[in-house]
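The residues making up each chain are set out below.
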Amino acid sequence: MTTDFRSGFVCLVGRPNTGKSTLTNALVGAKIAITSSRPQTTRHTIRGIIHREDGQIVMVDTPGLHRPRTLLGQRLNDLVRDTYAEVDAVGVCIPANEKIGPGDRWILEQLRSVAPRTPVLGVVTKIDKVSRNEVLEQLVAVSKELGDKAAVIPVSAKTGENVERFTELLRTMMPEGPALYPEGELTDEPETVLMAELIREAALEGVREELPHSLAVVIEELKDSTNKKGQPVLTIFANLYVERPSQKSIIIGKGGTRLRAVGSAARAQLERIFGTKVFLDMHVKVAKDWQRDPKQLGKLGF
Ligand SMILES: Nc1nc2c(ncn2[C@@H]2O[C@H](COP(=O)(O)OP(=O)(O)OP(=O)(O)O)[C@@H](O)[C@H]2O)c(=O)[nH]1
């Protein structure tokens, strides 16, 4: 270990779809955070860890702050606020190809009010989408919003441009200290949380408009066994909770076709991440108004 080994926590914030998850994956080098072309999919605090010879950076991925309409919304907001205040740096992601707007400014205001002491770094994302000149203009614009003290860095998670420089910049912003997690560890989320999140993602694909926040997934049981060929199989028993019978029909689809498709999509992802054959046993249940009921929320892990 070198003398100035640094370690700490970093959180990327920004409007939905600004490339936070994709950038986290590019930094960590593995698909842990869940990406999607749809907004507001990252609901849990999923961490990826960057291991380097001279430091360790723990990426904390948070859902965005939003206007809380339900108890779940409130709890999510509390979680996000705590995260902002506890991390060693916050990267504010603003895409190179979109004008800075009220949404970005609202996030900056929130940051300043809940975590005035947390160092902020401007991250101009998706620079592969625009010309060099436009990148430059956006760097200047972001710098104006953040003030003189904040560094601003352009990156592309897609081409990998500046990802290494970004990591180095983050490292310099971390306090001196030993590694926080053992090498090889990519996430400290319990694996059941990750499983539930992957299944939830698959189940929402294509029906997000109809069921934005009304679906919760709970892993009931995990069982290890072997198949006929003697290969290990992990059986995952999962309950999918919706609020209304009509939502149950949406998830299941005609004759169960949709649920089967959800199952195979989720299974493929799970097998890739956990490196084992997976059998997925899913049940869809109606838990009325679970978003407003603290007891139900507790049971669902919020
Ligand atoms: N061209 C290009 N596209 C990118 C880049 N980074 C992300 N994207 C795309 O932008 C979209 C949104 O990316 P995400 O990483 O899911 O964005 P996010 O900010 O995590 O989104 P939420 O989870 O909704 O808050 C996806 O379709 C990505 O493929 C990039 O560097 N270049």
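From a predicted model like this one, the values you see are computed outputs, not experimental measurements. (Residues numbered from 1 in each chain as written. Predicted model: local features only at pLDDT ≥ 70, side-chain atom pairs only at ≥ 80, totals over all residues.)

1. As for the nonpolar core
Then, in step 1: Grouped together as the largest cluster of nonpolar side chains are 35 residues, with contacts concentrated most on Val90, Val92 and Val123.
Then, in step 2: Broken down by secondary-structure element, the contributors of at least two residues to this core are β1 (6-13), α1 (20-28), β3 (55-61), β4 (89-95), α3 (102-114), β5 (120-125), β6 (152-154) and α5 (163-173).
Then, in step 3: The leading source of residues in this core is β4, at five residues.
Then, in step 4: Ignoring any residue separated from it by four or fewer positions in sequence, one finds Val92 in contact with Val13, Gly14, Ile107, Leu108, Val120, Gly122 and Val123.
Then, in step 5: The next biggest cluster of nonpolar side chains, apart from the first, holds 21 residues, and it includes Ala202, Val217, Ile236 and Val284. (Core = buried A, V, L, I, M, F, W, Y, C linked by C-beta atoms within 7 Å. Buried ≥ 20, exposed ≤ 12 C-beta atoms within 10 Å, placed from the backbone. Helix = DSSP H or I, 4+ residues; strand = E, 2+ residues; numbered from the N terminus. Contact = placed C-beta atoms within 7 Å.)

2. Some details on helix α4 (residues 132-146)
Then, in step 1: End to end, α4 covers 21 Å across 15 residues, agreeing with the expected 21 Å (1.5 Å per residue, within 8%).
Then, in step 2: Positive phi appears at Gly147, one or two residues downstream of α4, with a value of about 95°. (Expected span 1.5 Å × (residues − 1).)

3. Quick word on unusual backbone geometry
Then, in step 1: With a phi angle near 70°, Asn17 is a residue other than glycine that sits in the positive phi range.
Then, in step 2: Position of Asn17 among the secondary structure elements: in the loop between β1 and α1.
Then, in step 3: You will see that Lys126, though not glycine, has its phi angle at about 60°, which is positive.
Then, in step 4: Here Lys126 is to be found in the loop between β5 and α4.
Then, in step 5: For Lys126, a count of 25 C-beta atoms within 10 Å gives the class buried.

4. With respect to the sheet that holds strand β8 (residues 232-242)
Then, in step 1: Spatial ordering of the open sheet is given by β7-β8-β9, a layout of three strands whose pairing is mixed. Here the strands that pair on one side only, and so sit at the sheet edges, are β7 (216-226) and β9 (277-286). On average, adjacent strands in this sheet sit at an angle of 15° to one another, irrespective of strand direction.
Then, in step 2: Across ten bridges, the pairing between β7 and β8 is antiparallel. Considered in β8, the bridge of Ala216 is made with Tyr241.
Then, in step 3: Of the strands in this sheet, β7 and β8 touch helix α6 (residues 191-204), which is tilted by about 115° from β7.
Then, in step 4: Along the sheet, helix α8 (residues 257-274) makes contact with β8 and β9, crossing β9 at roughly 135°. (Pairing = 2+ DSSP bridges. Axes fitted to C-alpha atoms, helices over the stretch in contact; angles between N-to-C directions.)

5. Topic: the confidence of the model for the protein chain
Then, in step 1: Averaged over the protein chain, the pLDDT score is 82; the fraction of residues at 70 or greater is 78%.
Then, in step 2: Taken together, the stretch residues 31-44 has pLDDT below 50 and engages in 37 contacts with residues farther than four places along the chain or on a different chain.
Then, in step 3: Reported confidence for the predicted complex is 0.97 by ipTM and 0.63 by pTM. (pLDDT = per-residue confidence, 0-100.)

6. Looking at the pairing of β8
Then, in step 1: Here β7 hands over to β8 after five residues, with Gly230 in that stretch at a positive phi of 85°.
Then, in step 2: Note: β8 against β9, ten bridges, orientation parallel. For Ile236, the partnering residue across the bridge sits in β9 and is Leu280.

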